[in-house]
Amino acid sequence: METNMMILVGLGLIVSAVATWWYKNKDKILKNVADELEDEIENLTGIDIELDSVVEDAVSEAEEALSTIHDSVVESLESGDSLEDVITDAQVAGEDALDNVDIDVESLKSLTVSALKLRLKELGLPVSGKKAELIARLVEG
């Protein structure tokens, strides 16, 4: 039991360090990611688009999912669950959080058909159809 507690404390310290680093560097990283995506799309398609809000929305959804997982782990730890139960609870919370991720349809509507097709191609999905069909395909995954 003591070994499990030491492992959990160590993991907690690591997660805290990563979270602190993330919140200090988040804005710069998101700007760089959006800029690189925009440049790559422009290089491939010749279309200049802005993706800052799309990247921010995706990260916001990911942060919300992580918060859900965190809350589940804390609750499990506070109730004295075993390490295996804590891990299982975290996995279930993660799967539930992913199921609840909302795709911002409005941000997809602002993309060009070429940009939508590029996203579909990256996901290995069919790229044929009208804009509304492409958006629906992205939302459905």
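Before reading on, note that the structure itself is shown above.
No experiment lies behind these values; they were computed from the predicted model shown.

Student: When you look at the nonpolar core in this model, what are you seeing that I'm missing?
Tutor: Side chains of nonpolar character tend, in soluble globular proteins, to be buried together. Core analysis: the largest hydrophobic core is formed by 13 residues, its most contacted members being Ile41, Ile49, Leu51, Leu108, Leu111, Leu116 and Leu138. Counting only elements with at least two residues in this core, the list comes to α5 (113-122) and α6 (131-140). For this core, the element with the most residues is α5, which contributes 4 residues.

Student: Could you clarify how one ought to interpret the pattern of salt bridges in this entry?
Tutor: When their charged atoms lie close together, side chains carrying opposite charge are able to pair. By the definition in use, this model includes 2 salt bridges. In this structure, Asp35 engages Lys31 in a salt bridge whose closest nitrogen and oxygen atoms are separated by 3.3 Å. Of this pair, Asp35 and Lys31 both sit in helix α1 (residues 2-45), 4 residues apart, which is roughly one turn of the helix. A residue is classified by how much of its surface remains accessible, and Lys31, at 41% relative accessible area, is partly exposed.

Student: Is there a simple way to think about the environment of Val9 in this case?
Tutor: Position of Val9 among the secondary structure elements: in helix α1. Along the chain, Val9 and Arg137 lie 128 residues apart, while their C-alpha atoms are 43 Å from each other.

Rules behind the numbers
Residues numbered from 1 in each chain as written. Predicted model: local features only at pLDDT ≥ 70, side-chain atom pairs only at ≥ 80, totals over all residues. Heavy atoms only, no water. Core = buried A, V, L, I, M, F, W, Y, C linked by side-chain atoms within 4.5 Å. Buried < 20%, exposed > 50% of the residue type's maximum accessible area, 1.4 Å probe, protein only. Helix = DSSP H or I, 4+ residues; strand = E, 2+ residues; numbered from the N terminus. Salt bridge = Lys/Arg side-chain N within 4 Å of Asp/Glu carboxyl O.

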